[in-house]
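Structural overview
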Amino acid sequence: MSQNSETPIERITIPTLLRWKREGRRSVMTTAYDAVTAHIADRVADIILVGDSVGNVCLGFENTLSVSVAMMNHHLEAVARTRPRALLVADMPYLSFHVSREEAIRNAGGFLQRGADAVKLEGGAKRAEIVRALVDCEIPVMGHLGLTPQSVNVMGGFKVQGRTADDALRLLEDAQRLQEAGCFALVLEGIPAELAARATEFLTIPTIGIGAGPDCSGQVLVLHDVLGLTEGRRPKFVRAYADGFHVLKEALSRWAADVRNGAFPASEESYRLPEDLGDTIANWTPSNPT
Ligand code: KIV
């Protein structure tokens, strides 16, 4: 069933994604941070991620480390109000799952209560215990391995991971541990294509790649990157399908010019008084100041 050629109306669920993995069907994930981007994303994507990338994409932070649970709740609620048919995943921000198991459950459970279908968290085998605890509380978890932006300080920058034998083997081991712990999917970010292909081959859960080559079960890009809304240098793995920044700026500047030269608003964009009230306001005089 479809509304039009690009919008299936069936809700996408975790069993849907696991079936697609078995069938070799690719899934599409993108980000949304508000109702506008959620409506656009839901016409196209299978999975909508309210990513902690909201920090650098929308909130002006340099990286994702400053994003709090309260900020995520605010953006998640806006996206959830659009009731997307796509699977809605909320990112666990930095420090929301590091301090204690109880805090992790409360924060992740809070996301589900606000409309998320699942949460995503960064990290390998050392996060397996937390993943297990969340899954035990009926909270589906998507893992995230490779170039994990919350580890920017440990990595010494946003650098491709898994390029040495030790790192590559550790990543495969991490992927296996996360699957065993109950993750229903894994984001693989910023790793060599061959490594992502090997992980995708042996895992039974889908992999969603970003800068991880073409052989993952699906792909994710930040919506603002796909639309070309982000200014400046983009990472190699980003392909912008529109020059959104300039298209939107051009439209806005035509409006601004019309305001300045008096062409906006036109008569048909203005409200009118009933004809018989014209004299009433014309005859009104300001009263003397009291
Ligand atoms: O926060 C985010 O947008 C992400 C994706 C890029 C995977 O984690």
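Everything quoted here is computed from the prediction, not taken from an experiment.

On to the overall build of the protein, then. Counting its regular elements, the protein contains twelve helices and eight strands. Relative to the 2.2 N^0.38 estimate, which gives 19 Å for 290 residues, the radius of gyration of the protein is 24 Å and therefore markedly larger than a compact globule would have. The C-alpha extent of the protein, read off along each of the three principal axes, is 85 × 45 × 40 Å. A total of 290 residues make up the protein; the buried ones form 44% of that total. Counting contacts in the protein only where the partners sit at least 6 residues apart, residues at least 24 apart contribute 57% of the total. Total accessible area on the protein stands at roughly 16,400 Å², and carbon and sulfur atoms take up 53% of it. Averaging the coordinates of the 30 positive side-chain charges in the protein and doing the same for the 36 negative ones gives two points 5 Å apart.

Here we take up the pattern of salt bridges. In total, this model carries eleven salt bridges according to the counting rule given. The partner of Asp 42 in a salt bridge is Arg 85, and the shortest N-O contact between them spans 3.5 Å. Of this pair, Asp 42 sits in helix 2 (residues 35-42) while Arg 85 sits in the loop between helix 4 (69-80) and strand 3 (87-91), placing them 43 residues apart in sequence. An identical accessibility class is assigned to Asp 42 and Arg 85; each is buried. Bridged by salt links that share partners, the residues Glu 77, Arg 81 and Arg 114 form one connected network.

A separate point is the domain arrangement of the protein. Domain parsing of the protein yields domain 1 (14-244) and domain 2 (248-282). Inter-centroid distance (C-alpha atoms) of domain 1 to domain 2 is 45 Å.

The next thing to look at is the environment of Val 135. Of note, Val 135 is situated in helix 6 (residues 128-136). Along the backbone, Val 135 and Ala 118 are 17 residues apart, and their C-alpha atoms lie at a distance of 9.9 Å. Once residues within four sequence positions are removed from consideration, Val 135 is found in contact with Val 141, Ala 181 and Gly 182.

Turning to the environment of Ile 205, a few remarks are in order. Structurally, Ile 205 can be placed in the loop between helix 9 (193-202) and strand 7 (207-210). On the accessibility criterion, Ile 205 (6% relative accessible area) is buried. Expressed as a C-alpha distance, the spacing of Ile 205 and Arg 170, which sit 35 residues apart in the sequence, is 18 Å. Non-local contacts of Ile 205, meaning those with residues more than four positions away in its chain, are made with Leu 18, Lys 21, Gln 179, Cys 183, Phe 184, Ala 185 and Leu 186.

Here we take up a nonpolar patch on the surface. There is a patch of nonpolar side chains on the surface, built from Leu 252, Trp 255, Val 259 and Phe 264 and spanning about 390 Å² of accessible area. With respect to the secondary-structure elements, Phe 264 resides in the loop between helix 11 (244-261) and helix 12 (278-282).

Let us now look at the side chain of Arg 127. By secondary structure assignment, the location of Arg 127 is in the loop between strand 4 (118-122) and helix 6. Here Arg 127 occupies a buried position and makes no salt bridge, while the nearest side chain of opposite charge, Glu 122, is found at 8.3 Å. Leave out the neighbours within four places in its chain, and Arg 127 touches Phe 97, His 98, Leu 121 and Glu 122.

What counts, and where the lines are drawn
Residues numbered from 1 in each chain as written. Predicted model: local features only at pLDDT ≥ 70, side-chain atom pairs only at ≥ 80, totals over all residues. Heavy atoms only, no water. Helix = DSSP H or I, 4+ residues; strand = E, 2+ residues; numbered from the N terminus. Rg over C-alpha atoms; globule rule 2.2 N^0.38 Å. Buried < 20%, exposed > 50% of the residue type's maximum accessible area, 1.4 Å probe, protein only. Contact = heavy atoms within 4.5 Å. Areas by Shrake-Rupley, 256 points an atom, 1.4 Å probe, with all protein chains shown as cover. Lys, Arg positive; Asp, Glu negative; His and termini not counted. Charge placed at Lys NZ, Arg CZ, Asp CG, Glu CD. Salt bridge = Lys/Arg side-chain N within 4 Å of Asp/Glu carboxyl O. Domains from an automatic or database assignment. Patch = residues over 30% accessible without salt bridge, like charges linked within 9 Å, V, L, I, M, F, W, Y side chains within 5 Å.

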